[in-house]
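Residues per chain are reported as follows:
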Amino acid sequence: MCGNMSVPLPAIVPAACRATAAVIFLHGLGDTGHGWAEAMAGIRTPYVKYICPHAPVMPVTLNMNMAMPSWFDIVSLNLDAEEDETGIKRAAESIKALIDQEVKNGIPSHRIVLGGFSQSVKSNNKDMSVLQCHGEADPLVPLIFGCLTVEKLKVMLNPSNITFKTYSRMLHSACPEEMMDIKQFIEKQLPKIN
């Protein structure tokens, strides 16, 4: 994707008919795009192409410097933890390259949705819509982090475009109810073109 890191090509769920929209979905720490491609296939909309890239393998400070798929280094889960600004920028460039490729393939940028598991977002586009989901029983990323994130997003973006959904027994994973909420969000943002 970017730099000298060798990263496999993304897992892709092709559109069942001509692709007029795309979803780029990022996996969480230590995962790959394969599982999320399978999850996206389960909620697939026929005219949407789903792209699930794989993060490069790198040492992650949070996990005792063990090498694992990660979009950038994570030092700590503390609110005041130092952030890997260089790694975040490198990951953003890689995702921008995926978006640019889909635009070259004929999908307009306004028909591309970016999502992810255990990710945060920053944007200059104040009017973008955001669906943020969180498991109330998540032992890895406590619900308070999700609540703090949504409050921060409400300051950065138009609060009326932000939807925050929680799922009572969901751990650090996904559940069928959440996947249906994601499907509905995608279909609202990327309606069928006649």
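The following refers to the structure shown. (Residues numbered from 1 in each chain as written. Predicted model: local features only at pLDDT ≥ 70, side-chain atom pairs only at ≥ 80, totals over all residues. Heavy atoms only, no water.)

1. Considering the sheet that holds strand β1 (residues 11-13)
Reading across from one edge, β1-β3-β2-β6 is the order of the 4 strands in this open sheet, with mixed pairing throughout. Two strands lie at the open edges of the sheet, namely β1 and β6 (112-116), each paired on one side alone. For this sheet, the mean angle separating the axes of adjacent strands, direction not counted, is 20°. Where β1 meets strand β3 (residues 48-52), 3 bridges bridge the pair, whose relative direction is antiparallel. (Pairing = 2+ DSSP bridges. Helix = DSSP H or I, 4+ residues; strand = E, 2+ residues; numbered from the N terminus. Axes fitted to C-alpha atoms, helices over the stretch in contact; angles between N-to-C directions.)

2. Considering helix α3 (residues 143-156)
Residue pairs three or four apart in sequence face the same way in an α-helix, which turns once every 3.6 residues. Its 14 residues give α3 an end-to-end C-alpha distance of 20 Å, which sits within 8% of 20 Å, the value for a rise of 1.5 Å per residue. Looking at α3, one finds that the buried residues are Gly146, Val150, Leu153 and Met156. The buried residues of α3 all sit within an arc of 120° when viewed along its axis, so they share a single face. Exposed and oriented more than 90 degrees from the buried face of α3 are Lys152 and Val155. Of the surrounding elements, those touching the buried residues of α3 are β7 (130-135) and β8 (162-167). (Expected span 1.5 Å × (residues − 1). Buried < 20%, exposed > 50% of the residue type's maximum accessible area, 1.4 Å probe, protein only. Arc of directions from axis to C-beta. Contact = heavy atoms within 4.5 Å.)

3. Brief notes about unusual backbone geometry
Positive phi is not limited to glycine here, since Met64 has a value of about 55°. Within the fold, Met64 resides in the loop between β4 (57-60) and β5 (66-69). You can call Met64 exposed: its relative accessible area is 70%. Phi is positive for Asn65, which is not a glycine, with a value near 60°. Counting through the fold element by element, Asn65 comes out in the loop between β4 and β5.

4. A word on the pairing of β5
Here β4 runs beside β5; their pairing, made up of 4 bridges, is antiparallel. Its bridge partner lying in β5, Met58 is registered against Met68. The turn joining β4 and β5, which pair antiparallel and follow one another in sequence, is formed by 5 residues; a positive phi near 55° is taken by Met64.

5. Observations regarding the environment of Ala55
Residue position: Ala55 is located in the loop between β3 and β4. When the C-alpha positions of Ala55 and Ile182 are compared, they lie 22 Å apart, and in sequence the two are 127 residues distant. If near-sequence neighbours (up to four positions away) are discounted, Ala55 is found in contact with Val7, His27, Pro69, Ser70 and Trp71.

6. A closer look at the nonpolar core
Among the nonpolar cores identified, the biggest contains 19 residues, and Val23, Phe25, Trp36, Met40, Tyr50 and Cys52 are the most heavily contacted of them. In this structure, Ala22, Ile51, Ala55 and Ile112 belong to the second largest nonpolar core, which totals 11 residues. (Core = buried A, V, L, I, M, F, W, Y, C linked by side-chain atoms within 4.5 Å.)

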